[in-house]
Amino acid sequence: MARLIFLGPPGAGKGTQAKILSKKLHIPHISTGDIFRENIKNQTELGKKASEYMNEGLLVPDEVTNDMLKERISRQDCKIGYVLDGYPRTIAQADFLSKISKIDRVINFMLADEEIIKRISGRRTCKTCGTPYNIEFMRPKKTGICDKCLTPLVQRDDEKPEIVKKRLEVYEAQTAPLIEYYQKKKLLVDIDAFPKIEEVALAVEKMI
Ligand code: AMP
(Lines give C-alpha, C1' and ligand atoms only; values in the text may rest on other atoms or scores of the structure.)
Protein backbone atom coordinates (compact mmCIF):
# COMPACT_ATOMS: atom_id res chain seq x y z
CA MET A 1 0.00 0.00 0.00
CA ALA A 2 1.44 3.38 -0.97
CA ARG A 3 -0.46 6.48 0.05
CA LEU A 4 2.01 9.18 -0.79
CA ILE A 5 2.19 12.95 -0.62
CA PHE A 6 4.52 14.92 -2.89
CA LEU A 7 5.31 18.18 -1.15
CA GLY A 8 7.37 21.08 -2.45
CA PRO A 9 7.24 24.48 -4.13
CA PRO A 10 5.70 24.98 -7.55
CA GLY A 11 8.19 24.09 -10.27
CA ALA A 12 10.09 21.49 -8.23
CA GLY A 13 8.97 18.69 -10.55
CA LYS A 14 6.33 17.06 -8.30
CA GLY A 15 3.91 16.57 -11.18
CA THR A 16 6.51 15.02 -13.48
CA GLN A 17 7.74 12.68 -10.74
CA ALA A 18 4.20 11.82 -9.65
CA LYS A 19 3.36 10.75 -13.21
CA ILE A 20 6.44 8.51 -13.40
CA LEU A 21 5.81 6.87 -10.03
CA SER A 22 2.09 6.42 -10.59
CA LYS A 23 2.83 4.45 -13.79
CA LYS A 24 5.45 2.37 -12.05
CA LEU A 25 3.31 1.50 -9.01
CA HIS A 26 -0.02 1.44 -10.88
CA ILE A 27 -1.61 3.91 -8.50
CA PRO A 28 -3.49 7.08 -9.46
CA HIS A 29 -1.73 10.43 -9.66
CA ILE A 30 -4.02 13.00 -8.07
CA SER A 31 -3.17 16.62 -8.78
CA THR A 32 -5.65 19.08 -7.27
CA GLY A 33 -4.30 21.74 -9.66
CA ASP A 34 -5.12 19.47 -12.64
CA ILE A 35 -8.62 18.79 -11.29
CA PHE A 36 -9.23 22.53 -10.92
CA ARG A 37 -7.91 23.20 -14.44
CA GLU A 38 -10.14 20.46 -15.84
CA ASN A 39 -13.13 22.10 -14.13
CA ILE A 40 -12.16 25.49 -15.52
CA LYS A 41 -11.93 24.01 -19.02
CA ASN A 42 -15.37 22.44 -18.62
CA GLN A 43 -16.75 25.67 -17.12
CA THR A 44 -18.22 23.97 -14.05
CA GLU A 45 -19.31 25.86 -10.92
CA LEU A 46 -16.23 24.52 -9.12
CA GLY A 47 -14.06 25.76 -11.97
CA LYS A 48 -15.57 29.25 -11.82
CA LYS A 49 -14.94 29.45 -8.09
CA ALA A 50 -11.37 28.11 -8.32
CA SER A 51 -10.26 30.30 -11.24
CA GLU A 52 -10.74 33.53 -9.26
CA TYR A 53 -8.06 32.36 -6.83
CA MET A 54 -5.80 30.55 -9.26
CA ASN A 55 -5.48 33.55 -11.57
CA GLU A 56 -4.11 35.56 -8.66
CA GLY A 57 -1.69 32.84 -7.54
CA LEU A 58 -3.71 32.33 -4.34
CA LEU A 59 -4.95 29.08 -2.81
CA VAL A 60 -8.50 27.94 -3.44
CA PRO A 61 -10.34 27.89 -0.07
CA ASP A 62 -9.82 24.77 2.05
CA GLU A 63 -13.51 23.73 2.18
CA VAL A 64 -13.76 23.65 -1.62
CA THR A 65 -10.47 21.79 -2.04
CA ASN A 66 -11.10 19.33 0.79
CA ASP A 67 -14.53 18.27 -0.49
CA MET A 68 -13.12 17.74 -3.95
CA LEU A 69 -10.17 15.70 -2.66
CA LYS A 70 -12.37 13.57 -0.40
CA GLU A 71 -14.61 12.65 -3.30
CA ARG A 72 -11.58 11.76 -5.44
CA ILE A 73 -9.81 9.52 -2.95
CA SER A 74 -13.02 7.70 -2.04
CA ARG A 75 -13.10 6.18 -5.55
CA GLN A 76 -12.30 2.56 -6.12
CA ASP A 77 -8.99 3.18 -7.91
CA CYS A 78 -7.54 4.71 -4.72
CA LYS A 79 -8.02 1.56 -2.66
CA ILE A 80 -4.45 0.44 -3.35
CA GLY A 81 -2.90 3.86 -2.81
CA TYR A 82 -2.24 7.12 -4.61
CA VAL A 83 0.23 9.94 -5.16
CA LEU A 84 -1.08 13.31 -4.04
CA ASP A 85 0.55 16.14 -5.95
CA GLY A 86 -0.22 19.66 -4.71
CA TYR A 87 -2.38 18.55 -1.79
CA PRO A 88 -2.32 19.23 1.15
CA ARG A 89 -1.16 22.83 0.86
CA THR A 90 -2.22 24.14 4.28
CA ILE A 91 -2.17 22.77 7.83
CA ALA A 92 -5.99 22.72 7.77
CA GLN A 93 -5.93 20.51 4.66
CA ALA A 94 -3.37 18.18 6.26
CA ASP A 95 -5.53 17.88 9.40
CA PHE A 96 -8.55 17.13 7.21
CA LEU A 97 -6.62 14.50 5.25
CA SER A 98 -5.43 12.80 8.44
CA LYS A 99 -9.08 12.21 9.35
CA ILE A 100 -10.00 10.55 6.08
CA SER A 101 -6.87 8.57 5.19
CA LYS A 102 -3.67 7.09 6.52
CA ILE A 103 -0.50 8.43 4.90
CA ASP A 104 2.53 6.20 4.35
CA ARG A 105 5.16 8.72 3.25
CA VAL A 106 5.68 12.38 2.39
CA ILE A 107 8.39 13.24 -0.13
CA ASN A 108 9.67 16.79 0.19
CA PHE A 109 11.09 18.09 -3.11
CA MET A 110 13.68 20.76 -2.36
CA LEU A 111 14.72 23.40 -4.88
CA ALA A 112 16.21 26.92 -4.69
CA ASP A 113 14.02 29.88 -5.71
CA GLU A 114 16.23 30.94 -8.69
CA GLU A 115 15.93 27.47 -10.19
CA ILE A 116 12.16 27.41 -9.58
CA ILE A 117 11.72 30.68 -11.46
CA LYS A 118 13.90 29.45 -14.31
CA ARG A 119 11.94 26.22 -14.61
CA ILE A 120 8.48 27.74 -14.42
CA SER A 121 9.21 30.42 -16.97
CA GLY A 122 10.22 27.65 -19.39
CA ARG A 123 7.04 25.67 -18.92
CA ARG A 124 4.55 25.22 -21.71
CA THR A 125 1.32 23.23 -21.58
CA CYS A 126 -0.91 21.67 -24.20
CA LYS A 127 -4.24 23.50 -24.21
CA THR A 128 -6.05 20.35 -25.31
CA CYS A 129 -4.64 17.51 -23.18
CA GLY A 130 -2.72 19.38 -20.47
CA THR A 131 0.60 17.60 -21.08
CA PRO A 132 3.39 19.74 -19.63
CA TYR A 133 6.64 20.51 -21.47
CA ASN A 134 9.65 22.66 -20.75
CA ILE A 135 11.53 24.57 -23.43
CA GLU A 136 14.78 23.64 -21.67
CA PHE A 137 14.32 20.23 -20.05
CA MET A 138 11.35 18.50 -21.66
CA ARG A 139 11.11 19.76 -25.20
CA PRO A 140 8.33 18.63 -27.50
CA LYS A 141 9.49 16.91 -30.69
CA LYS A 142 8.37 19.92 -32.72
CA THR A 143 8.92 23.36 -31.14
CA GLY A 144 5.73 24.77 -29.60
CA ILE A 145 3.52 21.80 -30.57
CA CYS A 146 2.14 19.00 -28.36
CA ASP A 147 3.57 15.57 -29.30
CA LYS A 148 0.21 13.89 -28.64
CA CYS A 149 -2.43 16.31 -29.96
CA LEU A 150 -0.37 18.41 -32.38
CA THR A 151 -1.97 21.57 -30.92
CA PRO A 152 0.07 24.68 -30.01
CA LEU A 153 1.54 24.85 -26.52
CA VAL A 154 0.73 27.81 -24.28
CA GLN A 155 2.10 29.42 -21.14
CA ARG A 156 -0.42 29.11 -18.31
CA ASP A 157 -1.61 32.46 -16.92
CA ASP A 158 -0.36 31.51 -13.47
CA GLU A 159 3.11 30.84 -14.89
CA LYS A 160 3.69 34.48 -15.77
CA PRO A 161 6.49 36.01 -13.61
CA GLU A 162 4.35 38.24 -11.30
CA ILE A 163 2.03 35.38 -10.48
CA VAL A 164 4.90 32.93 -9.94
CA LYS A 165 6.35 35.34 -7.38
CA LYS A 166 3.00 35.40 -5.59
CA ARG A 167 2.75 31.60 -5.67
CA LEU A 168 6.18 31.30 -4.07
CA GLU A 169 5.16 33.70 -1.28
CA VAL A 170 1.98 31.70 -0.74
CA TYR A 171 4.05 28.49 -0.65
CA GLU A 172 6.39 29.89 2.02
CA ALA A 173 3.58 31.26 4.17
CA GLN A 174 0.96 28.50 3.90
CA THR A 175 2.54 25.29 2.62
CA ALA A 176 6.13 25.24 3.92
CA PRO A 177 4.88 24.77 7.54
CA LEU A 178 3.79 21.28 6.42
CA ILE A 179 7.46 20.26 6.32
CA GLU A 180 7.70 20.46 10.08
CA TYR A 181 4.18 19.07 10.46
CA TYR A 182 5.12 15.84 8.67
CA GLN A 183 8.62 15.74 10.21
CA LYS A 184 6.97 15.54 13.60
CA LYS A 185 4.85 12.65 12.39
CA LYS A 186 8.05 10.95 11.13
CA LEU A 187 6.66 10.66 7.64
CA LEU A 188 8.88 13.12 5.80
CA VAL A 189 11.84 12.38 3.55
CA ASP A 190 13.78 15.09 1.70
CA ILE A 191 14.74 14.81 -1.96
CA ASP A 192 17.06 17.11 -3.89
CA ALA A 193 14.90 18.16 -6.84
CA PHE A 194 17.77 19.74 -8.80
CA PRO A 195 19.19 16.73 -10.73
CA LYS A 196 17.82 15.40 -14.03
CA ILE A 197 14.32 13.90 -14.13
CA GLU A 198 15.58 10.28 -14.32
CA GLU A 199 17.97 10.76 -11.40
CA VAL A 200 15.30 12.28 -9.19
CA ALA A 201 12.93 9.46 -10.19
CA LEU A 202 15.47 6.88 -8.99
CA ALA A 203 15.93 8.72 -5.71
CA VAL A 204 12.16 8.84 -5.21
CA GLU A 205 11.84 5.12 -5.86
CA LYS A 206 14.45 4.36 -3.21
CA MET A 207 12.48 6.34 -0.66
CA ILE A 208 9.22 4.45 -1.16
P1 AMP B 1 -0.60 23.42 -9.13
O2 AMP B 1 -0.86 22.96 -10.50
O3 AMP B 1 -0.54 22.30 -8.13
O4 AMP B 1 0.59 24.33 -9.01
O5 AMP B 1 -1.87 24.30 -8.68
C6 AMP B 1 -2.26 25.44 -9.41
C7 AMP B 1 -3.18 26.31 -8.55
O8 AMP B 1 -4.35 25.56 -8.18
C9 AMP B 1 -2.59 26.78 -7.23
O10 AMP B 1 -1.79 27.95 -7.40
C11 AMP B 1 -3.86 27.05 -6.44
O12 AMP B 1 -4.48 28.24 -6.83
C13 AMP B 1 -4.76 25.90 -6.87
N14 AMP B 1 -4.57 24.70 -6.01
C15 AMP B 1 -4.08 23.49 -6.36
N16 AMP B 1 -4.04 22.65 -5.31
C17 AMP B 1 -4.55 23.35 -4.26
C18 AMP B 1 -4.75 23.04 -2.88
N19 AMP B 1 -4.42 21.83 -2.37
N20 AMP B 1 -5.29 24.00 -2.10
C21 AMP B 1 -5.64 25.22 -2.59
N22 AMP B 1 -5.44 25.59 -3.87
C23 AMP B 1 -4.90 24.66 -4.70
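Above this text is the structure in question.
Residues numbered from 1 in each chain as written. Predicted model: local features only at pLDDT ≥ 70, side-chain atom pairs only at ≥ 80, totals over all residues. Heavy atoms only, no water.

## Observations regarding helix H2 (residues 32-41)
Thought 1: Taken together, the buried positions of H2 are Thr-32, Gly-33, Phe-36 and Asn-39. The buried residues of H2 occupy an angular sector of 125 degrees when projected down its axis, which confines them to one face.
Thought 2: Among the structural elements, strand E2 (29-31), helix H3 (45-54), helix H4 (62-73) and strand E3 (81-85) are those in contact with the buried residues of H2.
Thought 3: Following H2 by one or two positions, Gln-43 adopts a phi angle in the positive range, close to 50 degrees. (Buried < 20%, exposed > 50% of the residue type's maximum accessible area, 1.4 Å probe, protein only. Helix = DSSP H or I, 4+ residues; strand = E, 2+ residues; numbered from the N terminus. Arc of directions from axis to C-beta. Contact = heavy atoms within 4.5 Å.)

## Section: the pattern of salt bridges
Thought 1: Scanning the model with the defined rule gives 17 salt bridges in all.
Thought 2: A salt bridge links Glu-115 to Lys-118, with the nearest nitrogen and oxygen atoms 3.9 Å apart. Placement of both Glu-115 and Lys-118 in helix H6 (residues 113-121) is noted, with a separation of three residues, approximately one turn of the helix.
Thought 3: Look at Glu-115 and you get buried, because its relative accessible area is 12%. (Salt bridge = Lys/Arg side-chain N within 4 Å of Asp/Glu carboxyl O.)

## Some remarks on empty space enclosed by the protein
Thought 1: Per the stated rule, a full pass over the model turns up one cavity of 30 Å³ or more.
Thought 2: Looking at the largest cavity, its volume works out to about 40 Å³.
Thought 3: Taken together, Gln-17, Ile-20, Leu-21, Lys-24, Ala-201, Val-204 and Glu-205 make up the lining of the largest cavity.
Thought 4: Secondary structure elements with two or more residues in the lining of the largest cavity: helix H1 (14-25) and helix H9 (197-207).
Thought 5: Among the elements that take part in the lining of the largest cavity, H1 stands out by supplying four residues, more than any other. (1 Å grid on protein atoms, 1.4 Å probe; cavity = no way out; pocket = protein on both sides within 12 Å on 5 of 7 lines; lining within 4 Å. Points joined across faces, edges and corners; volume = space filled by probe spheres on them.)

## Comments concerning the nonpolar core
Thought 1: Phe-6, Val-83, Phe-109 and Val-204 are the most contacted members of the largest nonpolar core, which totals 20 residues.
Thought 2: Broken down by secondary-structure element, the contributors of at least two residues to this core are strand E1 (2-7), H1, strand E4 (105-110), H6, helix H7 (161-175), strand E8 (188-192) and H9.
Thought 3: When residues of this core are assigned to their parent elements, the largest contribution, three residues, is made by E1.
Thought 4: Leu-7, Leu-97, Val-106 and Leu-187 belong to the second-largest nonpolar core, a separate cluster that totals 18 residues. (Core = buried A, V, L, I, M, F, W, Y, C linked by side-chain atoms within 4.5 Å.)

## Description of the pairing of E1
Thought 1: Of all the six residues making up E1, six are buried; the element is thus mostly covered by neighbouring parts of the structure.
Thought 2: Here E1 shows two buried faces, one formed by Ala-2, Leu-4 and Phe-6 and the other by Arg-3, Ile-5 and Leu-7.
Thought 3: Note that E1 and E3 share five bridges and pair parallel. Of the residues in E3, the one forming a bridge with Ala-2 is Gly-81.
Thought 4: The sheet contact formed by E1 and E4 spans four bridges and is parallel. Note on E4: the bridge partner recorded for Phe-6 is Ile-107. (Pairing = 2+ DSSP bridges.)

## Looking at the site of the ligand
Thought 1: Among the 16 residues in the neighbourhood of the ligand, the closest are listed as Thr-32, Arg-37, Leu-58, Gly-86 and Gln-93.
Thought 2: One of the backbone N or O atoms of Val-60 is found 3.0 Å from a nitrogen atom in the ligand.
Thought 3: Gly-86 is positioned such that a nitrogen or oxygen atom in its backbone is 2.9 Å from a nitrogen atom of the ligand.
Thought 4: Protein chains shield 95% of the accessible area of the ligand, which is 480 Å² for the free molecule.
Thought 5: No other element matches the four residues that H2 contributes to the shell around the ligand. (Near = heavy atom within 4 Å. Polar contact = N/O pair within 3.5 Å; in protein donor to acceptor, adjacent residues only side chain to side chain. Areas by Shrake-Rupley, 256 points an atom, 1.4 Å probe, with all protein chains shown as cover.)

## Observations regarding the side chain of Thr-90
Thought 1: Within the secondary structure layout, Thr-90 lies in the loop between E3 and helix H5 (91-100).
Thought 2: On the basis of relative accessible area, Thr-90 is assigned to the buried category, the value being 8%.
Thought 3: Within the local environment of Thr-90, its side chain forms a polar contact with the backbone nitrogen of Gln-93, the two atoms lying 3.0 Å apart.

## With respect to the sheet that holds strand E7 (residues 153-154)
Across a sheet, paired strands are connected by hydrogen bonds in the backbone, their directions being either parallel or antiparallel.
Thought 1: Read from one edge of the open sheet, three strands run E6-E5-E7, paired in antiparallel fashion. With partners counted over all chains shown, the strands left at the sheet margins are strand E6 (132-134) and E7, one partner each.
Thought 2: Here two bridges tie strand E5 (residues 123-126) to E7, and the two strands are oriented antiparallel to one another. Bridge pairing in E7 places Thr-125 opposite Val-154.

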